[in-house]
Amino acid sequence: MLDDNEIQDNQLIIGGIPATDLAAEYGTALQVYDVSKIRSQIRAFQRVFKENDIEYAVSYASKAFACLAMYQVLAQEDAHADVVSGGELYTAIQAGFPMDHVSFHGNNKSRAELEMAISHHVGVIMLDNFYEIQLLSEVLADLDETTNVMLRVSPAVSAHTHEFIQTGQQDSKFGFDIITGQADEALQQVLNEPNMNLIGVHSHIGSQIFETDGFKIETEKLVNLMQHWHDEFGFTPQIINVGGGFGIKYTDDDHPIRPEDFVQQILTTLRAETESRGLATPAVWIEPGRSIAGPAGTTLYTVGSSKTIPEIRKYVAVDGGMGDNIRPALYGAEYDAVVANDVHDDNTELITLAGKYCESGDILIKDIELPVVQPGDIIAVLATGAYGYSMASNYNRNERPAVVFVENGKSQIAIERETYADLIHLDRNLTI
Ligand code: LLP
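### Quick notes on the overall build of the chain
So, step 1. The helix and strand inventory of the chain stands at 12 helices and 21 strands.
So, step 2. Expected size for 432 residues packed as a compact globule is a radius of gyration near 22 Å; at 23 Å, the chain falls within 12% of this value.
So, step 3. Taking the principal axes of its C-alpha atoms as reference, the chain extends roughly 70 × 60 × 40 Å.
So, step 4. Buried residues in the chain amount to 55% of all 432 residues.
So, step 5. The long-range fraction of contacts in the chain, counting pairs at least 24 apart against all pairs at least 6 apart in sequence, stands at 69%.

### Topic: the site of the ligand
So, step 1. Residues in contact with the ligand amount to 20 residues; listed here are only the nearest, Ser207, Glu287, Arg290, Arg327 and Tyr387.
So, step 2. Within the backbone of Arg290, an N or O atom sits 2.7 Å from an oxygen atom of the ligand.
So, step 3. Here Tyr387 contributes a side-chain N or O atom positioned 2.6 Å from an oxygen atom of the ligand.
So, step 4. A class-by-class count of the residues in the shell around the ligand yields six nonpolar, eight polar and six charged.
So, step 5. Counting contributing residues, the shell around the ligand receives three or more from each of domain 1 (4-33 + 296-424) and domain 2 (54-289).

### Some thoughts on the environment of Val373
So, step 1. By the secondary structure assignment, Val373 is in the loop between strand 18 (363-371) and strand 19 (378-382).
So, step 2. With 280 residues separating them along the chain, Val373 and Ile93 place their C-alpha atoms 44 Å apart.
So, step 3. In contact with Val373, other than residues within four places in its own chain, are Val303, Val316, Val339, Glu349 and Ile379.

### What to know about the side chain of Glu77
So, step 1. Among the secondary structure elements, Glu77 is positioned in the loop between helix 3 (68-76) and strand 6 (80-83).
So, step 2. Setting aside residues up to four positions removed in sequence, Glu77 forms contacts with Arg39, Ile42, Arg43 and Gln46.

### Focus on the layout of surface pockets
So, step 1. When its volume is computed, the largest pocket comes out at roughly 740 Å³.
So, step 2. Looking at the largest pocket, it is lined by 29 residues, and the ones nearest its centre are Met1, Asp3, Lys37, Lys249 and Pro295.
So, step 3. Counting residues per element, the ones that place at least two in the lining of the largest pocket are strand 2 (11-14), helix 2 (35-52), helix 9 (259-276), helix 10 (290-293) and strand 14 (297-309).
So, step 4. It is helix 2 that contributes the most residues to the lining of the largest pocket, five residues altogether.
So, step 5. A breakdown of the residues in the lining of the largest pocket according to their chemical character gives 15 nonpolar, six polar and eight charged.
So, step 6. The two domains that each donate at least three residues to the lining of the largest pocket are domain 1 (4-33 + 296-424) and domain 2 (54-289).

### Observations regarding the packing of aromatic side chains
So, step 1. Taken as a whole and judged by the stated rule, the model has 14 aromatic pairs.
So, step 2. Taking 6.3 Å as the distance between ring centres and 10 degrees as the angle between the ring planes, the aromatic pair formed by Tyr357 and Tyr395 counts as stacked. Residue Tyr357 is found in the loop between strand 17 (348-354) and strand 18, and its partner Tyr395 is found in the loop between strand 19 and strand 20 (402-407); the two are separated by 38 residues along the sequence.
So, step 3. The class of Tyr357 is buried, set by a relative accessible area of 8%.

### Re the domain arrangement of the chain
So, step 1. Splitting the chain by domain gives domain 1 (4-33 + 296-424) and domain 2 (54-289).
So, step 2. Computed from C-alpha coordinates alone, the two centres of domain 1 and domain 2 are separated by 33 Å.
So, step 3. Taken together, the contact between domain 1 and domain 2 spans 17 residues of the former and 15 residues of the latter.
So, step 4. Of the roughly 1400 Å² buried between domain 1 and domain 2 on both sides combined, carbon and sulfur atoms contribute 66%.
So, step 5. It is Tyr331, Tyr387 and Phe405 in domain 1 that bury the most area against domain 2; as a group they hold 36% of the surface buried on that side.
So, step 6. For the pair domain 1 and domain 2, the number of links is zero salt bridges.

### What about the packing of helix 8 (residues 213-233) against helix 9?
So, step 1. Look at helix 8 against helix 9: their axes get within 9 Å of each other, and the N-to-C directions meet at 35 degrees. Note that helix 8 runs across helix 9; the crossing there is right-handed. Between helix 8 and helix 9, the residues in contact are Phe215, Lys216, Thr219, Glu220 and Val223 and Phe262, Gln265, Ile266, Thr269, Leu270, Glu273 and Thr274, respectively.
So, step 2. Its residues assigned to classes, the contact of helix 8 with helix 9 shows five nonpolar, four polar and three charged.

### Description of the side chain of Asn241
So, step 1. On the secondary structure map, Asn241 appears in strand 12 (residues 239-241).
So, step 2. Within the structure, Asn241 has its side chain in polar contact with the backbone nitrogen of Gly243 (distance 3.0 Å).
So, step 3. In terms of polar contacts, Asn241 uses its side chain to reach the side chain of Glu287, at 3.2 Å.
So, step 4. Discounting residues that sit within four places of it in the chain, Asn241 has contacts with Met126, Met150, Val201, His202, Ser203, Leu222, Trp285, Ile286 and Glu287.

### Here's the deal with the pattern of salt bridges
So, step 1. Evaluation of the coordinates by the stated rule reveals 15 salt bridges.
So, step 2. A salt bridge links Asp252 to Lys249; the nearest nitrogen and oxygen atoms lie 3.7 Å apart.
So, step 3. Between Glu418 and Arg400 there is a salt bridge, and its shortest N-O distance comes to 2.8 Å. Placement of Glu418 in the loop between strand 21 (410-415) and helix 12 (420-424) and of Arg400 in the loop between strand 19 and strand 20 is noted, with a sequence separation of 18 residues between them.
So, step 4. For Arg400, a relative accessible area of 24% gives the class partly exposed.
So, step 5. One continuous salt-bridge network, built from bridges that share partners, spans Arg39, Arg43, Glu77 and Glu407.

Rules and cut-offs
- What you see as residue numbers is a count from 1 along each chain, following the sequence as written.
- In view of the model being predicted, local features appear only for residues whose pLDDT reaches at least 70, and side-chain atom pairs are presented and counted only at 80 or more, with totals across whole chains, interfaces and linings using the full set of residues.
- The basis for every side-chain value is the complete set of non-hydrogen atoms in the structure, without hydrogens or water.
- Only runs of H or I of at least four residues qualify as helices and only runs of E of at least two qualify as strands under DSSP, and these elements are numbered from the N terminus.
- Radius of gyration: over C-alpha atoms. The globule rule applied is 2.2 Å multiplied by the number of residues raised to the 0.38 power.
- Three exposure classes are used, based on accessible area relative to the maximum for each residue type with a 1.4 Å probe and protein chains only: buried under 20%, partly exposed in between, and exposed over 50%.
- Whether two residues are in contact is decided by their heavy atoms, any of which lying within 4.5 Å being enough.
- For each residue, the test is whether any non-hydrogen atom lies within 4 Å of the molecule or strand; if one does, the residue is near.
- By the criterion applied in these results, polar contacts are pairs of N or O atoms within 3.5 Å in which, for protein atoms, one can donate a hydrogen and the other can accept it, and in which residues neighboring in sequence qualify only through two side-chain atoms.
- Amino acids are sorted into nonpolar (Ala, Val, Leu, Ile, Met, Phe, Trp, Tyr, Cys and Pro), charged (Asp, Glu, Lys and Arg) and polar (every other residue, Gly among them).
- Annotation comment: domain bounds sourced from an automatic or database domain assignment.
- Cavity and pocket criteria rest on a 1 Å grid covering protein atoms alone: a 1.4 Å probe that fits but cannot get out defines a cavity, protein on both sides within 12 Å along at least 5 of 7 lines defines an open pocket, and an atom within 4 Å of a point defines a lining residue.
- Grid points are joined across faces, edges and corners, and a volume is the space filled by probe spheres set on the points.
- Any pair of Phe, Tyr and Trp rings, taking the six-membered ring for Trp, is counted once the centres come within 6.5 Å. Such a pair is stacked with planes under 30 degrees apart, edge-to-face with planes over 60 apart, and tilted for the rest.
- By buried area we mean the combined loss of accessible area, with a 1.4 Å probe, across both parts when two parts are placed together.
- Counted as salt bridges are all cases of a side-chain nitrogen of Lys or Arg within 4 Å of a carboxyl oxygen of Asp or Glu.
- Axes here refer to lines fitted to C-alpha atoms; in helices the fit is confined to the stretch in contact. Angles between the N-to-C directions go from 0 to 180 degrees.
- By definition, turning the near helix anticlockwise from the far helix through less than a right angle yields a left-handed crossing, and turning it clockwise yields a right-handed one.

Rendered as structure tokens:
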């Protein structure tokens, strides 16, 4: 899982700094991002589009991980951002992120969220359902504003991934269904809305996808729809947005192609499909979240107690768990880990890495062969940058970890560690 330059003197190095130094300086549990990995993945995506001479936006799916510093890195890299809540939008605004590079998603945006987005002139509202067309129409009239919109359609592509993280199949809460004609109905409604400028069509088929077939079928379906809309309604989308979902390597059992290679496949399909029909090749937007944030993140934990059940299992417990990474408990997600202060050691044993939360399911990694650890050792769980911190909770009233950005031997706090005072910040004493 690790590159050679990430191990020096048997120590894990992140962004040029020994992981144990980061643990000592900032404490554990600690979420660390190697910012150069974030940048290089964004650039790899951008390069594919340039090589194919296709207009594009690399729109990072903020839900994978968002904070002020993250939006600021994205802005430096000229990436767009997709937000799915007023909270993500607020964070982007506070970060000084360019609002014209924001896409606002969601299947139940509130009036207040739409008002906020419109008054800050976000780049595009991703329309998800009929109620929203009406609500946005009212908001635009009330505020005397116009906006770009895209229609999110559900393309009925079942990607090979966990059921809970599939979104593109027909039976989905997201988007206008193509098969039953809802997408056509939505198109006609939006074309009649004087304050909405329809710039494109969006779909997203799922997350942590390894097969390219799903993306190819999705692209074909979007081109079919483009042609149909062109022929039937005289409307040609300038942009097709194919969403995100490019799978990443979590353990040595995963063998995904590079995230940018998924995009190459999409562009090749798109070019062939549009040229054979005599349609102009539209701009392509992508919304990768996991592939940008995931590999860049590492979680550092300190080893505490352990429990050996002879002939059955040895549990090693760390000072974090399902509160900072719910994915193993929620999806059965698997991760790899190393002992940060002793990466390669022949003296290994099979352990189960447990968290500190009061729940039997709070297991970070079931069965991993690791060097024998002692209390105080630092264990690094790898590729935790996506949907770890962003899905973190205060379960058991534990504080959420700090987040540190590291690059070229420098480190900084991106999100402070929560304090006990933070935990009762919103509580009020009993008065009745
Ligand atoms: N665009 C849309 C419209 C999405 O719904 C998503 C993810 C993305 C882009 C980004 O997908 P990505 O490139 O990150 O796969 N919590 C789950 C993942 C949920 C993904 C939801 N939508 C997990 O931890 O695996």
